[in-house]
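The lines below spell out each chain.
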Amino acid sequence: DNNQDIESIQESVKLRNLRKEFDDVVAVNNIDLEVSAGEFVVLLGPSGCGKTTTLRMIAGLETPTSGTIVIGGQDVTTVPPQDRNLSMVFQSYALYPHLTIRENLEYPLRKMALSVDERSRKVNSVAEMLGIREHLDKKPDQLSGGQQQRVAIGRTIVREPRVFLMDEPLSNLDAKLRVETRAELQELQQDLGVTTVYVTHDQEEAMSIADRLVIMNEGRIEQTGTPKEIYEKPANTFVSGFVGEPAINLIDISKGWSRRLGGDVPSQAETIGIRPENLYVEGNVDSDVRESVDLSEPVSLTLDLIEPLGDTYELTLTDESDTLITVLSRAGRTLTEGTDVEVVADMSKVHLFDSEGEAIR
Ligand code: ATP
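Remember, predicted model here, so these are calculated numbers, not experimental data. (Residues numbered from 1 in each chain as written. Predicted model: local features only at pLDDT ≥ 70, side-chain atom pairs only at ≥ 80, totals over all residues.)

Caption draft 1: Structural detail: the sheet that holds strand β1 (residues 13-22). Here we have four strands laid out as an open sheet, ordered β2-β1-β4-β5, and antiparallel in their pairing. With partners counted over all chains shown, the strands left at the sheet margins are β2 (25-35) and β5 (74-75), one partner each. Here strand β4 (residues 66-71) pairs with β5 via two bridges, running antiparallel. In the sheet register, I71 faces β5, and the bridge partner there is Q74. (Pairing = 2+ DSSP bridges. Helix = DSSP H or I, 4+ residues; strand = E, 2+ residues; numbered from the N terminus.)

Structure representation (structure tokens):
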């Protein structure tokens, strides 16, 4: 076990009615959030929604306008950052270029009362965990971007922080490395069990890495839940549109769809939400789907565009009122652009939203 020299500490993080104003901008608008000990929570939302400000307040780098921050039962709202024992990883690696990787990893330990032997055991153990042991005597510029970011993460682990705070730590890596590194990061977090708050605007990354997602918008929390809950039971149109790629179809209900969806559409429903993978081209519905799924009446749509995506196709269609509808289908190869096709919806996956965009079901 590589981790025996690194102790893991599990502490909860509680934000109560937390607010941050910058002049006339309300960056964080009275949010409440409880992160359980050992949990991996991802703050997800569009640019400017207040994710980074929230993280920086937890770190102590930003003073809340009001509200409290409690870590491991201790109110740290006014505790300076260096006394919170948290670790923050940023987008940029910020390693010391003139120091070796070993020296970079040792750096956070310099003020701790450790023997030379203890110090080197901790560094070796972290290097082992991160697969960078053979690079310990190199300088940062001799490592790839992904390796450098691992060293930056290693530097936060070696201190045995109470909580990891990560702000888009993978965004400077190329796509392939980002996917690899996030899997490693997730594994590492599970091994260490350190409570983690992670910020990203990348929904796919968030869905794949989080125990629990916190969807933010304009300084507020729109919804919290497991990735599955957020995906399957979005609380409103904003959340439904922010997760899933290609995006959910949000269709104005006045456009004749309710009739095809059958009888029990409540009168307050204004918008139908249906994900591209829950729509099927009639005649191309797999028999297993047909048997197990309650399908709507067919809707006739014009097929404008067929784009291959590996083994499926992204179909762009328009209905009679020119609303764009996206369907993911394996049938793309047998279809022709410019023709009319019949589309059916998986009724159990249809979302209905009221005039405020709040989910009805
Ligand atoms: P991004 O993904 O772009 O980093 P974010 O969700 O992290 O966005 P924040 O950086 O927290 O958002 O910013 C929230 C709001 O607060 C934005 O309107 C931003 O312009 C504003 N803001 C953030 N920091 C400051 C600051 N130091 N001074 C003034 N306004 C700020």
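Back to the text.
Caption draft 2: Structural detail: the site of the ligand. In the vicinity of the ligand, the contacting residues are F22, V25, A27, G45, S47, G48, C49, G50, K51, T52, T53 and H201. Counting residues per element, the ones that place at least two in the shell around the ligand are β2 and α1 (51-59). Top contributing element to the shell around the ligand by residue count: α1, with three residues. (Near = placed C-beta within 6 Å.)

Caption draft 3: Broad picture of the pairing of β4. Of the strand pairs in this sheet, β1 and β4 are connected by five bridges, and their pairing is antiparallel. When the sheet's bridge partners are listed, L15 is paired in β4 with I69. The hairpin formed by β4 and β5 contains two residues between the paired strands, and G72 there has a positive phi angle of roughly 55°.

Caption draft 4: Here's a closer look at the sheet that holds strand β9 (residues 212-217). Taking strand neighbours across the sheet as the criterion, the six strands line up as β6-β7-β8-β3-β9-β10 in an open arrangement whose pairing is mixed. Looking at strand neighbours, the two that pair on one side only are β6 (86-89) and β10 (220-225), the edges of this open sheet. Across the sheet, the mean angle from the axis of one strand to that of its neighbour is 15°, orientation sign disregarded. Pairing analysis gives four bridges linking β6 to strand β7 (residues 163-167), with the strands arranged parallel. Residue pairing across strands places V89 opposite M166, the latter belonging to β7. (Axes fitted to C-alpha atoms, helices over the stretch in contact; angles between N-to-C directions.)

Caption draft 5: Quick peek at the environment of D346. Within the secondary structure layout, D346 lies in the loop between β17 (340-345) and β18 (351-353). Residue classification places D346 among the partly exposed residues on the basis of 19 C-beta atoms within 10 Å. Put simply, D346 and S296 are 50 residues apart on the chain and 6.5 Å apart in space, counted from C-alpha to C-alpha. For D346, the contacting residues outside a window of four places in its chain are N278, V293 and L295. (Buried ≥ 20, exposed ≤ 12 C-beta atoms within 10 Å, placed from the backbone. Contact = placed C-beta atoms within 7 Å.)

Caption draft 6: How the structure looks around the domain arrangement of the chain. Each assigned domain of the chain is listed here: domain 1 (2-238) and domain 2 (247-353). Centre-to-centre separation of domain 1 and domain 2, based on C-alpha positions: 40 Å. (Domains from an automatic or database assignment.)

Caption draft 7: Structural view of the environment of P266. In this fold, P266 is placed in the loop between α9 (257-260) and β12 (271-274). According to the C-beta neighbour criterion, P266 is exposed, with 10 such atoms within 10 Å. Separated by 165 residues in sequence, P266 and I101 have C-alpha atoms that sit 62 Å apart.

Caption draft 8: Quick look at the packing of helix α4 (residues 145-157) against helix α5 (residues 175-192). Look at α4 against α5: their axes get within 11 Å of each other, and the N-to-C directions meet at 20°. Put simply, α4 runs roughly parallel to α5. α4 and α5 meet at a crossing whose hand is right-handed. Facing α4, whose interface residues are G145, G146, Q149, I153 and I157, α5 presents L177, T181, L185 and L192. Residue composition of the contact of α4 with α5, by class: five nonpolar, four polar and no charged. (Parallel < 35°, antiparallel > 145°, perpendicular 65-115°, else oblique. Left-handed = near helix turned anticlockwise from the far one by under 90°. Nonpolar A, V, L, I, M, F, W, Y, C, P; charged D, E, K, R; others polar.)

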